[in-house]
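# Descriptive analysis of the structure
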Amino acid sequence: MSKRNCIICSKPLNNGIIINGRGICKKCEEKIVRCNIETDFYEYYKNCIRKNLTADLLKGEDLVCQDYRY
Ligand SMILES: [Zn+2]
């Protein structure tokens, strides 16, 4: 019964991909796919995952990442 939210934009996950139990919505996925790995977005994305994983380990608390702007 766990409702998934996108770990990047924190919106409810209606469709998208799950990586290691982390949800990423379609929009964010498309951004990632479109970006190459040298971009800021990729760095940001990695930070989001890292923060979310850490938050889960510590408290199970959801960590909200700020809106990313190009
Ligand atoms: Zn998203």
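These numbers come from a predicted model, not from an experiment.

Criteria and thresholds
Residues numbered from 1 in each chain as written. Predicted model: local features only at pLDDT ≥ 70, side-chain atom pairs only at ≥ 80, totals over all residues. Heavy atoms only, no water. Donors = N, O, S within 2.8 Å, 3.2 Å for Na, K, Ca; no water. Tetrahedral: all angles 85-135°; square planar, octahedral: opposite > 155°, others 65-115°. Helix = DSSP H or I, 4+ residues; strand = E, 2+ residues; numbered from the N terminus. Buried < 20%, exposed > 50% of the residue type's maximum accessible area, 1.4 Å probe, protein only. Arc of directions from axis to C-beta. pLDDT = per-residue confidence, 0-100.

### Focus: the coordination of the zinc ion
Protein coordination at the zinc ion comes from C6 (SG), C9 (SG), C25 (SG) and C28 (SG), with a distance range of 2.3 Å. Every donor counted, the 4 donor atoms about the zinc ion form angles of 104 to 114° at the centre, which fits tetrahedral coordination. Of note, the zinc ion draws all its donor residues from one chain, in the sequence arrangement C-x2-C-x15-C-x2-C. One end of the pair, C6, is in the segment before β1 (16-19); the other, C25, is in strand β2 (residues 22-25), with 19 residues separating them in the sequence. Like C25, C6 is buried.

### Things to note about helix α1 (residues 26-34)
Because each turn of an α-helix spans 3.6 residues, side chains separated by three or four positions end up pointing in the same direction. Along α1, the residues that are buried comprise C28, E29 and I32. Down the axis of α1, the sector holding all buried residues measures 100°, keeping them to one side. Exposed positions of α1 whose direction lies more than 90 degrees from the buried face are K27, V33 and R34.

### Concerning the confidence of the model for the chain
Of the residues in the chain, 67% reach a pLDDT of 70 or more, and the chain-wide mean stands at 72. Here helix α2 (residues 40-58) stands out as the least confident element of the chain, with mean pLDDT 72; β2 is the most confident, with 86.

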